[in-house]
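Spelled out, the chains give:
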Amino acid sequence: MKVVATLALLQLYISATGEFGSTRKTQVSVKTPLQSFFFLFLSADLVTAEVSGNVSSETALSASPGDIVVLPCYSAGKVTPVVTTWTKNGREIVTGGDPTRRLIVNPDGSLNISATMPGDEGIYLCNSTLSDNSSFLARVLLQVTSGPENVSTSISPATALSNGTLYTDRGSSVTLRCSGSSYPSQHLTWAFSGDSSSNDSLVSGSGSSLEFTIQNIQPSAQGVYSCMAHNPVSNVTVISRTELLVYYVSDRHPECKWTLTQNISLVQFTCTWLEVYPTPNLRWDMGPLQVADSLNVTMSRSTLSDGQTVNCTAQPQHLGPEKEKLCSFTLELPFPEGEPMVSALEASNVTLTCTETTSKPPAITTWRKGLQLDNIESGSKYILSLEGPVFKLTIVNVTKEDEGFYFCHSENPLGLRELEVELTVKTASSAYTGAVIGIFIAALIMGSAVIIAKIVYNSRDRICLGGFGQVDDDSGDVLSLVESDDEQVFQDAVPRLPPITNGHHTTLVQIHRIPSSDHEDAETADTSPQQQEDTVQTEEPVQLVEF
């Protein structure tokens, strides 16, 4: 059986005849577990003070349920009291010593309480009569305490890891609950210790449990949460600690980028995913899965190709594959563009341009000269400049020696491509010659236009009758309109048909075929009136012309 007694001497005083003697104050804490009944004796140096005649004392004592407690009365010297009476809160509780009872008065006047329980607490008064008929008064304050016990904490919503640590998601509303048992009532306190704070008190109160809610929890609330249960009577404190992690995943995708090395045929790819906790799993297409915020991989030209798509996969540790995020880019060879032929006047300045916008990773572009591909560096003769994607080479004071081929040299880790530019240098005389030739060509074009216009104007009658195509086919047909003073003859030669319903007049036109021009003169000379009559007789069918 366990016995724990805490004795504190509060005050010694004498109150027999109203006279007061000397007073001694002492505080002692004694904790001793025993397996059987025992008596607790207080030495004279601890709780006694003697003054001629009467002695009085006051003691405070605490115990836990189930303990065996001895309340002291008179313990000065070896004198045994003749009569001892104990009262609790003004009521007599025991006289004499019956060993079968839970409360027993020992021979020295002390009160033995076995199996202390809640309800035994109170103020006990001992009145002992000594052999010399003097009396001794002793007062004992007994406090029965237990706990705090079974102190436990819970945090929800939260998920437990294998080591017992809890985690929750950023933005959740988290409730912390602490509970325990204590007698008398315990005092509970929630405290937090994190990266930016140390043991900050969050909330406190009395009772069997205490709750605290964190709305929209953020990573700054990640740390150790402690519930402290304190018994104000026994001054015992029990602490239960729980570590809480706050997991979060960025809404953005990981970032893929490249870094060129000193060796142009090598490139380093970097995949970075920040604002993620815990550290995510990253993987390039060509590599294994690794736990890292940033993952690098170096590739050579032999493993890369034009149009190849490179992917980086990022996966949170606490989420499944369905929460993966990707970043990627497509590799492309450089493709420099520009004018392949450039001419310049001698003693002037000329600028060659080259534009490169398609290369991924970006290409390194330089200007080179001649078939030996001599590298061109900026100086007094050559000026190199860059305006966005346009690479410029300015040649100062051009001479015949500058004439030739120039190359815009673009290279990235995938390969090399070049733009060939031919520069032609002209003298001032050649420039004037070109102007004269240009004027001559312009004059020739203008003359040709005038001649064609005149021909078309002279042939306008044929064009109106059906175009040049029909003139070629019917070159022997001539439309003859004969005007005569004899109106009657005209009417007979060209009879007029009556008007038709549409209101227009219809005239009968006769078409005569004329021999070709090569034989026109001969035939005209040989033609007799009879032949002319025959000709009239062989006229082609009459055609009607509507006006």
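Keep in mind the model is a prediction, meaning the values are calculated, not measured.

## Here we look at the environment of N106
Checked against the element boundaries, N106 lands in the loop between β8 (103–105) and β9 (111–113). On the basis of relative accessibility, which here comes to 6%, the residue N106 falls in the buried class. Along the chain, N106 and P72 lie 34 residues apart, while their C-alpha atoms are 9.7 Å from each other.

## Overview of the sheet that holds strand β5 (residues 69–71)
In space, the three strands of this open sheet follow the order β5-β9-β8, with antiparallel pairing throughout. At either end of the open sheet lies a strand with only one pairing partner, and these are β5 and β8. On average, each strand axis in the sheet is tilted by 20° relative to the strand beside it, whichever way the strands run. Note that β5 and β9 share three bridges and pair antiparallel. Bridge pairing in β9 links V70 to N112.

## A look at the state of the cysteines
Under the criterion given, the structure shown has five disulfides. Residue pairing for C256: its cysteine sulfur links by disulfide to C327, the two sulfurs lying 1.8 Å apart. The sign of the 70° torsion about the S-S bond sets the C256-C327 disulfide as right-handed. Pair noted here: C256 is in strand β21 (residues 255–260) and C327 is in strand β27 (residues 325–330), with a separation of 71 residues, a long-range link. A residue is classified by how much of its surface remains accessible, and C327, at 10% relative accessible area, is buried. Here C271 pairs with C312 through a disulfide, and the sulfurs are 1.9 Å apart. Since a negative S-S torsion denotes a left-handed disulfide, the C271-C312 link at about -80° is left-handed. Separated by 41 residues along the polypeptide, C271 in strand β22 (residues 266–272) and C312 in strand β26 (residues 309–315) bring together distant segments of the chain. This pair shows no difference in class: C271 is buried, exactly as C312 is.

## So, the pairing of strand β11 (residues 135–144)
Of the two faces of β11, only one is covered, namely that formed by F136, A138, V140, L142 and V144; the face formed by S135, L137, R139, L141 and Q143 stays uncovered. In this structure, strand β10 (residues 122–129) lies alongside β11, joined through eight bridges in antiparallel fashion. Note on β11: the bridge partner recorded for S128 is F136. Linkage of β10 to β11, two consecutive antiparallel strands, is achieved through a turn of five residues, within which N133 is found at a positive phi near 65°.

## Some remarks on the confidence of the model for the protein chain
Residue-level pLDDT values for the protein chain average 77, and 71% of them are 70 or greater. Across residues 486–494, confidence stays below pLDDT 50; counting only partners more than four residues off in sequence or on other chains, it has seven contacts. The low-confidence segment residues 516–547, where pLDDT is below 50, has 28 contacts with residues more than four positions distant or belonging to other chains.

Parameters at a glance
Residues numbered from 1 in each chain as written. Predicted model: local features only at pLDDT ≥ 70, side-chain atom pairs only at ≥ 80, totals over all residues. Heavy atoms only, no water. Helix = DSSP H or I, 4+ residues; strand = E, 2+ residues; numbered from the N terminus. Buried < 20%, exposed > 50% of the residue type's maximum accessible area, 1.4 Å probe, protein only. Pairing = 2+ DSSP bridges. Axes fitted to C-alpha atoms, helices over the stretch in contact; angles between N-to-C directions. Disulfide = S-S within 2.5 Å. pLDDT = per-residue confidence, 0-100. Contact = heavy atoms within 4.5 Å.

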